[in-house]
Amino acid sequence: MADITRRFGFRHLRSAPTSHIRHLRGGQLAHEGVGLAFWFRPLTAAISEVPGDDRELAMMFHARTSDFQDLAVQATVTYRISDPALAATRMDFGIDPDTGVWRAEPLAQLATLLTETAQQHALQLIARTALADTLVDGVAAVRERITEGLAAEPRLGEIGLTVLAVRVTAVRPEAELERALRTPAREQVQQEADRATYERRAVAVERERAIAENELASRIELARREEELVKQHGTNARREAEQKAAADAVRTDAEAARRTRLAVAEAEAAGTLAAQQAEAARSLGEAKAAAEAAWLSAHQQVGPEILQALALIRLAEHLPRIDSITLTPDVLTGLLTRLSTPMPAAAAGTPTTPGTPATSDTPDAADTPATKATRSAPGRTTGRPER
(Lines give C-alpha, C1' and ligand atoms only; values in the text may rest on other atoms or scores of the structure.)
Protein backbone atom coordinates (compact mmCIF):
# COMPACT_ATOMS: atom_id res chain seq x y z
CA MET A 1 0.00 0.00 0.00
CA ALA A 2 1.32 3.43 -1.05
CA ASP A 3 2.01 6.14 1.49
CA ILE A 4 0.04 9.35 0.67
CA THR A 5 0.40 12.65 2.50
CA ARG A 6 -1.60 15.88 2.17
CA ARG A 7 -0.09 19.36 1.58
CA PHE A 8 -2.16 22.44 0.70
CA GLY A 9 -4.68 20.63 -1.52
CA PHE A 10 -2.02 18.49 -3.16
CA ARG A 11 -1.11 14.89 -2.45
CA HIS A 12 2.30 13.24 -2.28
CA LEU A 13 2.62 9.52 -3.03
CA ARG A 14 5.54 7.31 -2.03
CA SER A 15 5.32 3.68 -3.14
CA ALA A 16 7.09 0.54 -1.94
CA PRO A 17 10.07 -0.87 -3.89
CA THR A 18 7.99 -3.91 -4.94
CA SER A 19 4.90 -1.99 -6.05
CA HIS A 20 4.29 -0.92 -9.66
CA ILE A 21 2.56 2.52 -9.82
CA ARG A 22 0.60 3.69 -12.87
CA HIS A 23 -0.53 7.40 -12.74
CA LEU A 24 -2.97 8.73 -15.27
CA ARG A 25 -3.80 12.48 -15.48
CA GLY A 26 -6.75 13.40 -17.66
CA GLY A 27 -6.60 9.95 -19.30
CA GLN A 28 -2.91 10.40 -20.15
CA LEU A 29 -0.07 8.43 -18.58
CA ALA A 30 1.88 10.72 -16.23
CA HIS A 31 3.95 8.35 -14.10
CA GLU A 32 4.60 4.59 -14.32
CA GLY A 33 7.20 2.48 -12.57
CA VAL A 34 8.33 0.79 -9.38
CA GLY A 35 9.19 2.71 -6.23
CA LEU A 36 7.96 6.11 -7.48
CA ALA A 37 7.40 9.26 -5.41
CA PHE A 38 5.59 12.27 -6.84
CA TRP A 39 3.01 15.05 -6.26
CA PHE A 40 -0.43 14.91 -7.80
CA ARG A 41 -3.83 16.53 -7.68
CA PRO A 42 -6.51 14.08 -6.44
CA LEU A 43 -9.29 15.53 -8.62
CA THR A 44 -7.48 14.82 -11.90
CA ALA A 45 -5.40 11.72 -10.97
CA ALA A 46 -6.18 7.98 -11.49
CA ILE A 47 -3.57 5.86 -9.77
CA SER A 48 -3.17 2.06 -9.88
CA GLU A 49 -0.84 0.03 -7.58
CA VAL A 50 0.07 -3.45 -8.83
CA PRO A 51 2.18 -5.63 -6.47
CA GLY A 52 5.27 -6.97 -8.20
CA ASP A 53 6.47 -9.38 -5.53
CA ASP A 54 5.99 -13.20 -5.35
CA ARG A 55 2.84 -14.21 -3.46
CA GLU A 56 1.75 -17.48 -1.82
CA LEU A 57 -1.84 -18.67 -2.21
CA ALA A 58 -2.91 -21.54 0.09
CA MET A 59 -5.93 -23.47 -1.07
CA MET A 60 -7.91 -26.42 0.24
CA PHE A 61 -10.73 -28.16 -1.63
CA HIS A 62 -12.58 -31.47 -1.62
CA ALA A 63 -12.64 -34.04 -4.42
CA ARG A 64 -14.28 -37.42 -5.06
CA THR A 65 -12.49 -40.50 -6.31
CA SER A 66 -13.70 -43.02 -8.85
CA ASP A 67 -14.98 -45.22 -6.03
CA PHE A 68 -17.00 -42.31 -4.60
CA GLN A 69 -14.78 -41.47 -1.62
CA ASP A 70 -14.22 -37.90 -0.50
CA LEU A 71 -10.71 -36.51 -0.32
CA ALA A 72 -9.35 -33.23 0.95
CA VAL A 73 -6.59 -31.70 -1.12
CA GLN A 74 -4.32 -29.09 0.43
CA ALA A 75 -2.00 -27.18 -1.91
CA THR A 76 -0.09 -23.92 -2.23
CA VAL A 77 0.43 -21.91 -5.43
CA THR A 78 3.21 -19.35 -5.81
CA TYR A 79 2.50 -16.66 -8.46
CA ARG A 80 3.65 -13.25 -9.60
CA ILE A 81 2.18 -10.48 -11.77
CA SER A 82 4.77 -10.42 -14.51
CA ASP A 83 3.06 -7.67 -16.59
CA PRO A 84 1.76 -4.99 -14.17
CA ALA A 85 0.64 -2.62 -16.94
CA LEU A 86 -1.46 -5.34 -18.56
CA ALA A 87 -2.85 -6.44 -15.19
CA ALA A 88 -3.73 -2.82 -14.34
CA THR A 89 -5.73 -2.57 -17.56
CA ARG A 90 -7.54 -5.89 -17.09
CA MET A 91 -8.24 -5.73 -13.35
CA ASP A 92 -9.08 -2.92 -10.97
CA PHE A 93 -5.89 -2.10 -8.99
CA GLY A 94 -6.95 1.55 -8.50
CA ILE A 95 -6.27 3.16 -5.09
CA ASP A 96 -7.95 5.93 -3.16
CA PRO A 97 -5.93 9.19 -3.66
CA ASP A 98 -6.51 10.18 -0.08
CA THR A 99 -5.75 6.94 1.77
CA GLY A 100 -3.82 4.77 -0.71
CA VAL A 101 -6.17 1.79 -0.19
CA TRP A 102 -7.47 -0.33 -3.10
CA ARG A 103 -10.95 0.56 -4.07
CA ALA A 104 -11.70 -3.08 -5.04
CA GLU A 105 -10.19 -6.46 -4.02
CA PRO A 106 -7.96 -7.47 -6.92
CA LEU A 107 -5.93 -9.99 -4.93
CA ALA A 108 -9.10 -11.81 -3.86
CA GLN A 109 -10.15 -12.01 -7.49
CA LEU A 110 -6.76 -13.45 -8.40
CA ALA A 111 -7.00 -15.99 -5.54
CA THR A 112 -10.46 -17.09 -6.67
CA LEU A 113 -9.27 -17.44 -10.25
CA LEU A 114 -6.23 -19.49 -9.30
CA THR A 115 -8.11 -21.69 -6.77
CA GLU A 116 -10.93 -22.53 -9.13
CA THR A 117 -8.57 -23.22 -12.00
CA ALA A 118 -6.36 -25.51 -9.90
CA GLN A 119 -9.38 -27.22 -8.33
CA GLN A 120 -10.84 -27.90 -11.77
CA HIS A 121 -7.76 -29.71 -12.99
CA ALA A 122 -7.33 -31.65 -9.69
CA LEU A 123 -10.96 -32.77 -9.70
CA GLN A 124 -10.66 -34.06 -13.25
CA LEU A 125 -7.67 -36.19 -12.25
CA ILE A 126 -9.02 -37.51 -8.92
CA ALA A 127 -12.43 -38.36 -10.44
CA ARG A 128 -10.74 -40.93 -12.71
CA THR A 129 -8.54 -42.45 -9.98
CA ALA A 130 -9.36 -44.96 -7.26
CA LEU A 131 -8.97 -44.12 -3.63
CA ALA A 132 -6.03 -46.41 -2.99
CA ASP A 133 -4.11 -45.13 -6.04
CA THR A 134 -4.89 -41.57 -5.14
CA LEU A 135 -3.59 -42.02 -1.62
CA VAL A 136 -0.47 -43.70 -2.91
CA ASP A 137 0.46 -41.51 -5.88
CA GLY A 138 -2.04 -38.69 -5.53
CA VAL A 139 0.29 -35.96 -4.25
CA ALA A 140 2.71 -36.08 -7.16
CA ALA A 141 -0.01 -36.66 -9.74
CA VAL A 142 -2.18 -33.81 -8.47
CA ARG A 143 0.81 -31.43 -8.36
CA GLU A 144 1.81 -32.22 -11.94
CA ARG A 145 -1.79 -31.90 -13.10
CA ILE A 146 -2.32 -28.51 -11.45
CA THR A 147 1.03 -27.21 -12.74
CA GLU A 148 0.27 -28.25 -16.28
CA GLY A 149 -3.31 -26.89 -16.11
CA LEU A 150 -2.28 -23.45 -14.76
CA ALA A 151 0.51 -23.15 -17.31
CA ALA A 152 -1.90 -23.89 -20.12
CA GLU A 153 -4.63 -21.59 -18.85
CA PRO A 154 -4.94 -18.68 -21.40
CA ARG A 155 -6.71 -16.28 -19.11
CA LEU A 156 -3.75 -16.10 -16.72
CA GLY A 157 -1.53 -14.97 -19.57
CA GLU A 158 -4.10 -12.42 -20.63
CA ILE A 159 -4.01 -10.66 -17.27
CA GLY A 160 -0.21 -10.84 -17.02
CA LEU A 161 -0.13 -13.51 -14.25
CA THR A 162 2.63 -16.11 -14.07
CA VAL A 163 2.51 -19.27 -11.88
CA LEU A 164 5.94 -19.94 -10.41
CA ALA A 165 5.37 -23.15 -8.38
CA VAL A 166 2.70 -25.54 -7.15
CA ARG A 167 3.02 -27.58 -3.95
CA VAL A 168 0.54 -30.24 -2.81
CA THR A 169 1.01 -30.85 0.88
CA ALA A 170 -1.72 -33.42 1.57
CA VAL A 171 -4.36 -35.61 -0.05
CA ARG A 172 -6.39 -37.01 2.82
CA PRO A 173 -9.69 -38.87 3.08
CA GLU A 174 -12.31 -38.30 5.74
CA ALA A 175 -11.50 -39.08 9.32
CA GLU A 176 -13.59 -42.26 9.57
CA LEU A 177 -12.35 -43.51 6.24
CA GLU A 178 -8.83 -42.68 7.18
CA ARG A 179 -9.19 -44.64 10.41
CA ALA A 180 -10.65 -47.55 8.48
CA LEU A 181 -7.82 -47.42 5.97
CA ARG A 182 -5.30 -47.23 8.76
CA THR A 183 -6.74 -50.24 10.56
CA PRO A 184 -5.13 -52.98 8.42
CA ALA A 185 -1.84 -51.20 8.46
CA ARG A 186 -2.16 -50.63 12.18
CA GLU A 187 -3.06 -54.28 12.69
CA GLN A 188 -0.11 -55.33 10.62
CA VAL A 189 2.13 -52.92 12.45
CA GLN A 190 0.68 -54.16 15.74
CA GLN A 191 1.30 -57.74 14.65
CA GLU A 192 4.84 -56.82 13.75
CA ALA A 193 5.16 -55.08 17.08
CA ASP A 194 3.73 -58.12 18.87
CA ARG A 195 6.04 -60.39 16.93
CA ALA A 196 8.94 -58.17 17.83
CA THR A 197 7.75 -58.19 21.45
CA TYR A 198 7.44 -61.98 21.43
CA GLU A 199 10.82 -62.31 19.81
CA ARG A 200 12.26 -59.92 22.33
CA ARG A 201 10.63 -61.87 25.16
CA ALA A 202 11.83 -65.12 23.63
CA VAL A 203 15.32 -63.73 23.36
CA ALA A 204 15.03 -62.45 26.93
CA VAL A 205 13.81 -65.88 28.12
CA GLU A 206 16.61 -67.56 26.20
CA ARG A 207 19.11 -65.18 27.70
CA GLU A 208 17.64 -65.69 31.15
CA ARG A 209 17.87 -69.44 30.62
CA ALA A 210 21.46 -69.07 29.50
CA ILE A 211 22.16 -66.89 32.51
CA ALA A 212 20.46 -69.42 34.80
CA GLU A 213 22.47 -72.24 33.22
CA ASN A 214 25.63 -70.22 33.63
CA GLU A 215 24.75 -69.53 37.26
CA LEU A 216 23.96 -73.22 37.81
CA ALA A 217 27.21 -74.22 36.13
CA SER A 218 29.02 -71.67 38.24
CA ARG A 219 27.40 -73.06 41.37
CA ILE A 220 28.27 -76.63 40.36
CA GLU A 221 31.83 -75.61 39.63
CA LEU A 222 31.96 -73.71 42.91
CA ALA A 223 30.59 -76.73 44.79
CA ARG A 224 33.14 -78.98 43.08
CA ARG A 225 35.92 -76.62 43.99
CA GLU A 226 34.61 -76.42 47.54
CA GLU A 227 34.59 -80.24 47.65
CA GLU A 228 38.16 -80.28 46.40
CA LEU A 229 39.00 -77.61 48.94
CA VAL A 230 37.43 -79.69 51.74
CA LYS A 231 39.33 -82.77 50.54
CA GLN A 232 42.52 -80.76 50.36
CA HIS A 233 41.87 -79.39 53.86
CA GLY A 234 41.30 -82.97 55.09
CA THR A 235 44.47 -84.16 53.36
CA ASN A 236 46.40 -81.24 54.82
CA ALA A 237 44.93 -81.91 58.28
CA ARG A 238 45.75 -85.63 57.99
CA ARG A 239 49.26 -84.84 56.85
CA GLU A 240 49.61 -82.33 59.63
CA ALA A 241 48.32 -84.92 62.15
CA GLU A 242 50.70 -87.54 60.76
CA GLN A 243 53.56 -85.10 60.91
CA LYS A 244 52.60 -84.11 64.44
CA ALA A 245 52.28 -87.80 65.40
CA ALA A 246 55.67 -88.52 63.85
CA ALA A 247 57.13 -85.51 65.61
CA ASP A 248 55.51 -86.62 68.89
CA ALA A 249 56.84 -90.16 68.35
CA VAL A 250 60.30 -88.80 67.70
CA ARG A 251 59.95 -86.53 70.70
CA THR A 252 58.67 -89.45 72.83
CA ASP A 253 61.47 -91.72 71.67
CA ALA A 254 63.99 -89.00 72.37
CA GLU A 255 62.42 -88.38 75.79
CA ALA A 256 62.38 -92.14 76.55
CA ALA A 257 65.97 -92.50 75.44
CA ARG A 258 66.90 -89.48 77.48
CA ARG A 259 65.08 -90.81 80.52
CA THR A 260 66.65 -94.26 79.97
CA ARG A 261 70.07 -92.72 79.77
CA LEU A 262 69.25 -90.62 82.80
CA ALA A 263 67.95 -93.68 84.69
CA VAL A 264 71.08 -95.65 83.75
CA ALA A 265 73.22 -92.73 84.78
CA GLU A 266 71.26 -92.36 88.00
CA ALA A 267 71.49 -96.13 88.59
CA GLU A 268 75.19 -96.03 87.94
CA ALA A 269 75.54 -93.00 90.17
CA ALA A 270 73.33 -94.67 92.81
CA GLY A 271 75.44 -97.83 92.59
CA THR A 272 78.60 -95.82 92.84
CA LEU A 273 77.12 -93.81 95.73
CA ALA A 274 75.93 -96.99 97.45
CA ALA A 275 79.37 -98.52 97.03
CA GLN A 276 80.93 -95.34 98.33
CA GLN A 277 78.43 -95.23 101.21
CA ALA A 278 79.08 -98.89 101.97
CA GLU A 279 82.78 -98.26 101.84
CA ALA A 280 82.34 -95.22 104.04
CA ALA A 281 80.10 -97.18 106.43
CA ARG A 282 82.62 -99.98 106.53
CA SER A 283 85.43 -97.54 107.12
CA LEU A 284 83.28 -95.79 109.77
CA GLY A 285 82.48 -99.16 111.42
CA GLU A 286 86.10 -100.07 111.42
CA ALA A 287 86.94 -96.69 112.86
CA LYS A 288 84.21 -97.06 115.51
CA ALA A 289 85.38 -100.60 116.32
CA ALA A 290 88.91 -99.37 116.56
CA ALA A 291 87.75 -96.52 118.78
CA GLU A 292 85.71 -98.87 120.97
CA ALA A 293 88.63 -101.22 121.23
CA ALA A 294 90.91 -98.36 122.08
CA TRP A 295 88.33 -97.06 124.57
CA LEU A 296 87.97 -100.43 126.18
CA SER A 297 91.71 -100.88 126.22
CA ALA A 298 92.10 -97.49 127.84
CA HIS A 299 89.44 -98.31 130.48
CA GLN A 300 91.07 -101.62 131.22
CA GLN A 301 94.32 -99.94 132.02
CA VAL A 302 92.96 -97.38 134.54
CA GLY A 303 91.96 -97.93 138.17
CA PRO A 304 88.49 -98.16 139.63
CA GLU A 305 88.49 -94.62 140.99
CA ILE A 306 88.94 -93.26 137.51
CA LEU A 307 86.27 -95.51 136.14
CA GLN A 308 83.91 -94.45 138.90
CA ALA A 309 84.61 -90.84 138.22
CA LEU A 310 84.03 -91.37 134.51
CA ALA A 311 80.79 -93.17 135.32
CA LEU A 312 79.67 -90.27 137.46
CA ILE A 313 80.54 -87.88 134.69
CA ARG A 314 78.54 -89.85 132.17
CA LEU A 315 75.72 -90.15 134.62
CA ALA A 316 75.72 -86.46 135.24
CA GLU A 317 75.66 -85.83 131.50
CA HIS A 318 72.49 -87.90 131.12
CA LEU A 319 70.72 -86.70 134.28
CA PRO A 320 67.89 -84.15 133.92
CA ARG A 321 68.38 -80.56 135.01
CA ILE A 322 68.34 -80.15 138.83
CA ASP A 323 67.41 -76.68 140.01
CA SER A 324 67.55 -77.43 143.79
CA ILE A 325 68.42 -80.23 146.19
CA THR A 326 66.55 -80.93 149.46
CA LEU A 327 68.65 -82.48 152.22
CA THR A 328 66.81 -84.19 155.04
CA PRO A 329 68.33 -85.11 158.42
CA ASP A 330 68.25 -88.73 157.38
CA VAL A 331 70.18 -88.01 154.30
CA LEU A 332 72.70 -85.85 156.13
CA THR A 333 73.13 -88.47 158.78
CA GLY A 334 73.74 -91.23 156.29
CA LEU A 335 76.04 -89.08 154.29
CA LEU A 336 78.08 -88.02 157.23
CA THR A 337 78.27 -91.63 158.40
CA ARG A 338 79.41 -92.73 154.96
CA LEU A 339 81.97 -89.99 154.72
CA SER A 340 83.32 -90.76 158.13
CA THR A 341 83.64 -94.51 157.35
CA PRO A 342 86.43 -95.39 154.98
CA MET A 343 85.08 -97.35 151.93
CA PRO A 344 87.17 -100.18 150.71
CA ALA A 345 88.15 -100.29 147.16
CA ALA A 346 86.15 -103.41 146.38
CA ALA A 347 82.86 -102.03 147.81
CA ALA A 348 82.23 -99.57 145.01
CA GLY A 349 81.22 -102.34 142.62
CA THR A 350 83.55 -101.07 139.91
CA PRO A 351 85.84 -103.36 138.12
CA THR A 352 89.09 -103.97 139.93
CA THR A 353 92.49 -104.16 138.63
CA PRO A 354 93.75 -107.57 137.72
CA GLY A 355 94.70 -109.60 140.90
CA THR A 356 92.36 -107.71 143.20
CA PRO A 357 89.29 -109.64 144.50
CA ALA A 358 85.88 -108.00 144.27
CA THR A 359 83.31 -108.09 147.03
CA SER A 360 79.53 -107.68 146.74
CA ASP A 361 78.56 -107.17 150.35
CA THR A 362 79.14 -103.39 150.37
CA PRO A 363 76.20 -101.39 148.86
CA ASP A 364 76.72 -99.32 145.66
CA ALA A 365 77.40 -95.62 146.04
CA ALA A 366 74.51 -94.92 143.76
CA ASP A 367 72.11 -96.61 146.20
CA THR A 368 73.07 -94.55 149.27
CA PRO A 369 70.33 -92.61 151.05
CA ALA A 370 71.72 -89.35 149.72
CA THR A 371 71.46 -90.52 146.16
CA LYS A 372 67.98 -91.84 146.67
CA ALA A 373 66.96 -88.58 148.28
CA THR A 374 68.41 -86.70 145.32
CA ARG A 375 66.54 -88.80 142.81
CA SER A 376 63.31 -88.68 144.74
CA ALA A 377 63.08 -84.87 144.80
CA PRO A 378 64.21 -83.47 141.51
CA GLY A 379 61.62 -80.69 141.42
CA ARG A 380 62.23 -78.94 144.81
CA THR A 381 63.16 -75.35 144.63
CA THR A 382 64.14 -74.63 148.25
CA GLY A 383 67.59 -75.54 149.78
CA ARG A 384 66.34 -75.78 153.38
CA PRO A 385 66.14 -79.26 155.04
CA GLU A 386 62.69 -80.66 155.37
CA ARG A 387 61.37 -80.67 158.88
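Since the model is a prediction, treat every value here as computed from it, not as a measurement. (Residues numbered from 1 in each chain as written. Predicted model: local features only at pLDDT ≥ 70, side-chain atom pairs only at ≥ 80, totals over all residues. Heavy atoms only, no water.)

### Re the pattern of salt bridges
Piece 1. Per the counting criterion, the structure on display carries 25 salt bridges.
Piece 2. Between glutamate 228 and arginine 224 there is a salt bridge, with the nearest N and O atoms lying 2.5 Å from each other. One end of the pair is glutamate 228 and the other is arginine 224, both in helix α5 (residues 175-300) and four residues apart, which spans about a single turn.
Piece 3. Judged by its relative accessible area of 37%, arginine 224 is partly exposed.
Piece 4. Residue arginine 251 pairs with aspartate 248 through a salt bridge whose shortest N-O separation is 2.5 Å. Taken together, the residues arginine 251 and aspartate 248, both in helix α5 and three residues apart, mark about one turn of the helix.
Piece 5. The exposed category is assigned to arginine 251, whose relative accessible area is 52%. (Salt bridge = Lys/Arg side-chain N within 4 Å of Asp/Glu carboxyl O. Helix = DSSP H or I, 4+ residues; strand = E, 2+ residues; numbered from the N terminus. Buried < 20%, exposed > 50% of the residue type's maximum accessible area, 1.4 Å probe, protein only.)

### Overview of the confidence of the model for the protein
Piece 1. Of the residues in the protein, 86% have a pLDDT of 70 or more, and the chain-wide mean is 80.
Piece 2. Looking over the protein, one finds the lowest element-wise mean pLDDT in helix α8 (residues 369-376), namely 40, and the highest in strand β8 (residues 70-81), namely 92.
Piece 3. Within the model, the stretch residues 345-387 combines pLDDT values under 50 with 48 contacts to residues more than four positions away or in other chains. (pLDDT = per-residue confidence, 0-100. Contact = heavy atoms within 4.5 Å.)

### Some details on the sheet that holds strand β6 (residues 45-51)
Piece 1. Strands sit in the order β4-β3-β6 across an open sheet of three strands; the sheet is antiparallel. Strands with a single pairing partner mark the edges of an open sheet, and in this sheet they are β4 (28-34) and β6. For this sheet, the mean angle separating the axes of adjacent strands, direction not counted, is 15 degrees.
Piece 2. One ladder, built from seven bridges, connects strand β3 (residues 19-25) with β6; its direction is antiparallel. Note that in β6 the partner of leucine 24 across the bridge is alanine 46. (Pairing = 2+ DSSP bridges. Axes fitted to C-alpha atoms, helices over the stretch in contact; angles between N-to-C directions.)

### What about the packing of helix α2 (residues 106-126) against helix α3 (residues 131-151)?
Piece 1. Packing of α2 against α3 leaves a shortest axis separation of 9 Å and a crossing angle of 135 degrees. Relative to α3, α2 is oriented oblique. Crossing handedness for the pair α2 and α3: right-handed. Between α2 and α3, the contacting residues are Leu114, Thr117, Ala118, His121, Ala122, Gln124, Leu125 and Ile126 on the first element and Thr134, Ala141, Val142, Arg145, Ile146, Gly149 and Leu150 on the second. (Parallel < 35°, antiparallel > 145°, perpendicular 65-115°, else oblique. Left-handed = near helix turned anticlockwise from the far one by under 90°.)

### Concerning the side chain of threonine 117
Piece 1. Tracing the backbone shows threonine 117 in helix α2.
Piece 2. For threonine 117, a relative accessible area of 6% corresponds to the buried category.

### Overview of the sheet that holds strand β9 (residues 161-173)
Strand pairing in a sheet takes place through backbone hydrogen bonds and is either antiparallel or parallel in direction.
Piece 1. Spatial ordering of the open sheet is given by β7-β8-β9, a layout of three strands whose pairing is antiparallel. The open sheet has two free edges, formed respectively by β7 (55-64) and β9, since each of these has just one partner strand. Pairwise comparison of adjacent strand axes, ignoring direction, gives a mean angle of 20 degrees for this sheet.
Piece 2. Bridging between β7 and β8 involves ten bridges; their strand directions are antiparallel. Each residue of the ladder has a partner; that of glutamate 56, found in β8, is threonine 78.

### As for empty space enclosed by the protein
Piece 1. This structure, assessed with the given rule, holds one cavity of 30 Å³ or more.
Piece 2. The calculated volume of the largest cavity comes to roughly 30 Å³.
Piece 3. In this structure, the largest cavity is lined by Pro51, Asp53, Arg55, Tyr79, Arg80, Ile81 and Leu107.
Piece 4. The element best represented in the lining of the largest cavity is β8, accounting for three residues.
Piece 5. Counted by class, the lining of the largest cavity contains four nonpolar, no polar and three charged residues. (1 Å grid on protein atoms, 1.4 Å probe; cavity = no way out; pocket = protein on both sides within 12 Å on 5 of 7 lines; lining within 4 Å. Points joined across faces, edges and corners; volume = space filled by probe spheres on them. Nonpolar A, V, L, I, M, F, W, Y, C, P; charged D, E, K, R; others polar.)

### A few points about the side chain of serine 15
Piece 1. Summarising the element assignment, serine 15 is placed in the loop between β2 (10-14) and β3.
Piece 2. Serine 15 sits in the buried class, given a relative accessible area of 11%.
Piece 3. For serine 15, the side chain forms a polar contact with the main-chain nitrogen of glycine 35, separated by 3.4 Å.
Piece 4. For serine 15, the side chain forms a polar contact with the main-chain nitrogen of leucine 36, separated by 2.8 Å.
Piece 5. Not counting the four nearest positions on each side in its chain, serine 15 is found in contact with Ala2, Ile21, Gly35 and Leu36. (Polar contact = N/O pair within 3.5 Å; in protein donor to acceptor, adjacent residues only side chain to side chain.)

### What about α2?
Piece 1. For α2, spanning 21 residues, the distance from its first C-alpha to its last is 30 Å, which sits close to the expected 30 Å at 1.5 Å a residue.
Piece 2. By the burial criterion, the buried members of α2 are Pro106, Leu110, Ala111, Leu113, Leu114, Thr115, Thr117, Ala118, His121, Ala122, Leu125 and Ile126.
Piece 3. Contacts from the buried residues of α2 go to β7, β8, α3, α4 (154-158) and β9. (Expected span 1.5 Å × (residues − 1).)

### So, the packing of aromatic side chains
What characterises a pair of aromatic rings is the spacing of the ring centres plus the angle enclosed by the ring planes.
Piece 1. Scanning the model with the defined rule gives two aromatic pairs in all.
Piece 2. Aromatic side chains phenylalanine 93 and tryptophan 102 sit 6.3 Å apart centroid to centroid with 70 degrees between the ring planes, which places their arrangement in the edge-to-face category. (Phe/Tyr/Trp six-rings, centres within 6.5 Å; stacked < 30°, edge-to-face > 60°.)

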